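Understanding the architecture of this molecule
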Amino acid sequence: MPPIAPDATAKGIGAGLSVSARIPARDLDIHLEVAPGEVLAVLGPNGAGKSSLLQVIAGLITPDTGHVRLGTRTLTDTAKAIALPPHRRGISLLAQDPLLFPHLTVRDNVAFGPRSRGNRAARTIADRWLKAVDATEFADRHPATLSGGQAQRVALARALAVDPDLLLLDEPMSALDVDVAPAMRTLLRAVLRDDPPRCAVLVTHDIIDAITLADRLVIVEAGRVVEEGPVAEVMSHPRNPFAARIAGLNLLRGTASKQLTEGPTLGTVQVDDFAVDGCVIGELRPESPAAAVFSPAAVSVFRTTPGGSPRNVFTVDITEITDRGGIVRVRGDAPQAPGLCADLTPAAVAQLQLTLGAQVYFAVKATEVRVYAC
């Protein structure tokens, strides 16, 4: 067994997390920090490295170089040949599959962790956490008799019964029915925000999970952190195409070319040979990387070139028309901006006679566009 750090058995009260992991074979090179009591959401496309990150933190894989520190404890340090096994890390994992022991009752499933650590009050602890997740009535039942939502609540109680310093959440709502997931989110939020609040890393594809549970958001692509910040900031001012897509915004990246006015400042982002005007957020320096962002709801669609008030106008070939619950999203490719979206009413789509392959004009007023450094 690898040597254990001198402080490895000390309890990490108020523990924060520090991770640095490089695994060339998986094209992973990630560095991140999680403050004590903070919930960090990790989003990214499939194959971005999210699962590898969780495996490194949990001790299921050891990076080629790097470290994992939880509070004052060193869990992994490749330079010192430290690699604590998963069961000694003080970490619990809640995945999309509850993975309950089928031969044990619900109470015994939750008591398993404390009992394996020699805690004589394991059944009392199990009953306390079953009450906390509103699952006391299932205590004497076996997992096979539970619904998906009930089993996930029991899995959460089991994860918390060992009093972990860190909770890893791996797509915990993805296997739940849409009518069950909101209740589970409410329960998770209550548990994570309890006194003292719990440190957690949440991997998810669902932006609703991030918005309702997390304090901060990290976007991972190709094994690297490409964007991070408070959830509200990343969702309102994304700097990465993936972040913009999950936030439901159009994003154009280019170079800041000028500021047009004083007061409510308007600025211009040059995207190839096309200039996009918008309201400047923060400081915008000419010739520096910049982004222009606007909502699909702010886009007007025309069959002929629009006139009137100052607008940014894109010539677009329609590639997709989809229903989004009473709103129709029209997606199209412009030479300087592939994948632009406009949200219209069904009546507007019918009146414009929009079809796949048709050439139309997307127009958005400068006052509806946010421009900022990226």
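Residues numbered from 1 in each chain as written. Predicted model: local features only at pLDDT ≥ 70, side-chain atom pairs only at ≥ 80, totals over all residues. Heavy atoms only, no water.

**Considerations on the overall build of the chain**
To keep things clear, this is the line we draw: Helix and strand definitions here come from DSSP, where helices need a minimum of 4 consecutive H or I residues and strands a minimum of 2 consecutive E residues; each element is numbered from the N-terminal end. Three exposure classes are used, based on accessible area relative to the maximum for each residue type with a 1.4 Å probe and protein chains only: buried under 20%, partly exposed in between, and exposed over 50%. Only heavy atoms enter the contact rule, under which two residues are in contact if any of them lie within 4.5 Å. The Shrake-Rupley method, run with a 1.4 Å probe sphere, supplies the accessible areas, and residue values consider only the shown protein chains as cover.
A tally of helices and strands in the chain yields 9 helices and 21 strands. Overall size of the chain, expressed as C-alpha extent along the three principal axes, is 80 × 50 × 40 Å. A total of 374 residues make up the chain; the buried ones form 51% of that total. At a minimum sequence separation of 6, the contacts of the chain that also span at least 24 residues come to 63%. Counting every atom, the chain has about 17,500 Å² of accessible surface; 53% of that belongs to carbon and sulfur.

**Looking at the sheet that holds strand β11 (residues 224-230)**
Put simply, the rule is: What makes two strands pair is DSSP finding at least two bridges between them. Orientation is described by lines fitted to C-alpha atoms, with helices fitted over the stretch in contact, and by angles between N-to-C directions that extend from 0 to 180 degrees.
With mixed pairing, 6 strands are arranged side by side in an open sheet as β7-β8-β9-β3-β10-β11. In this open sheet, the two edge strands, each paired with only one partner strand, are β7 (91-95) and β11. Ignoring strand direction, the axes of neighbouring strands in this sheet form an average angle of 20 degrees. Both strand β8 (residues 166-170) and strand β9 (residues 199-203) contribute to a ladder of 5 bridges, which runs parallel. Bridge pairing in β9 places leucine 169 opposite leucine 202. Sheet strands touched by helix α1 (residues 50-58): β3 (39-43), β7, β8 and β9. Its angle to β8, the strand with the most contacts, is close to 155 degrees. Its contacts with the sheet put helix α5 (residues 181-192) on β3, β7, β8 and β9, and the angle it makes with β8 is roughly 160 degrees.

**As for the sheet that holds strand β18 (residues 328-334)**
Across the sheet, which stays open at both edges, the 5 strands sit in the order β16-β20-β17-β18-β19 with antiparallel pairing between neighbours. At either margin of the open sheet sits one strand with a lone partner, and together these are β16 (300-302) and β19 (337-344). Within the sheet, the average angular offset between the axes of one strand and its neighbour, ignoring direction, is 45 degrees. With 6 bridges joining them, strand β17 (residues 311-323) and β18 adopt antiparallel strand pairing. When the sheet's bridge partners are listed, glutamate 320 is paired in β18 with arginine 331.

**A word on the packing of helix α2 (residues 106-116) against helix α3 (residues 122-132)**
Note the following rule: Oblique is the label for any angle not under 35 degrees, not over 145, and not in the 65 to 115 range, which are roughly parallel, roughly antiparallel and roughly perpendicular in turn. Each helix crossing is assigned a hand: it is left-handed if the near helix lies turned anticlockwise from the far helix by less than a right angle, otherwise right-handed if that turn is clockwise. Just so you know the grouping, Ala, Val, Leu, Ile, Met, Phe, Trp, Tyr, Cys and Pro go in nonpolar, Asp, Glu, Lys and Arg go in charged, and all remaining residues, Gly too, go in polar.
It is the contact of α2 with α3, at a shortest axis distance of 8 Å, that shows an interaxial angle of 125 degrees. By the criterion of interaxial angle, the relationship of α2 to α3 is oblique. Both α2 and α3 take part in a crossing whose hand is right-handed. Contacts between α2 and α3 involve Val106, Arg107, Asp108, Val110, Ala111, Pro114 and Arg115 on the former and, on the latter, Ala122, Arg123, Ile125, Ala126, Asp127, Trp129 and Leu130. Residues of the contact of α2 with α3, tallied by class, amount to 9 nonpolar, no polar and 5 charged.

**Some details on the packing of helix α4 (residues 148-160) against α5**
At a minimum axis separation of 11 Å, α4 and α5 run at an interaxial angle of 15 degrees. In terms of their interaxial angle, α4 and α5 are classed as roughly parallel. In this structure, α4 crosses over α5, and the sense of that crossing is right-handed. Counted together, Gln152, Arg153, Leu156 and Leu160 of α4 and Met184, Leu187, Leu188 and Val191 of α5 form the full contact between these two elements. Considered class by class, the residues forming the contact of α4 with α5 number 6 nonpolar, 1 polar and 1 charged.

**Focus: α1**
Think of an α-helix as turning once every 3.6 residues; residues three or four places apart then point the same way. For α1, a buried count of 7 out of 9 residues is recorded, marking the element as mostly surrounded by other parts of the structure. Lys50, Ser52, Leu53, Leu54, Val56, Ile57 and Ala58 are the residues of α1 that are buried. Just downstream of α1, glycine 59 is the residue with a positive phi angle, here 85 degrees.

**Description of the confidence of the model for the chain**
The following threshold applies: Think of pLDDT as the predictor's per-residue confidence, scored from 0 to 100.
Chain-level pLDDT for the chain is 89 on average; 94% of the residues reach the 70-or-more range. Low pLDDT, under 50, characterises residues 1-13; the stretch is placed with 22 contacts to residues that sit more than four places away or in other chains.

**Focus on α3**
We count it as follows: The directions considered for the arc are those from the helix axis to the C-beta atoms.
Among the residues of α3, Ala122, Ile125, Ala126, Trp129 and Leu130 are the ones counted as buried. Each buried residue of α3 lies within a common arc of 135 degrees when the element is viewed along its axis, so the set occupies one face. Across α3 from its buried face, at more than 90 degrees, point the exposed residues Thr124, Arg128 and Lys131. Its buried side turned inward, α3 meets α2 and α4.

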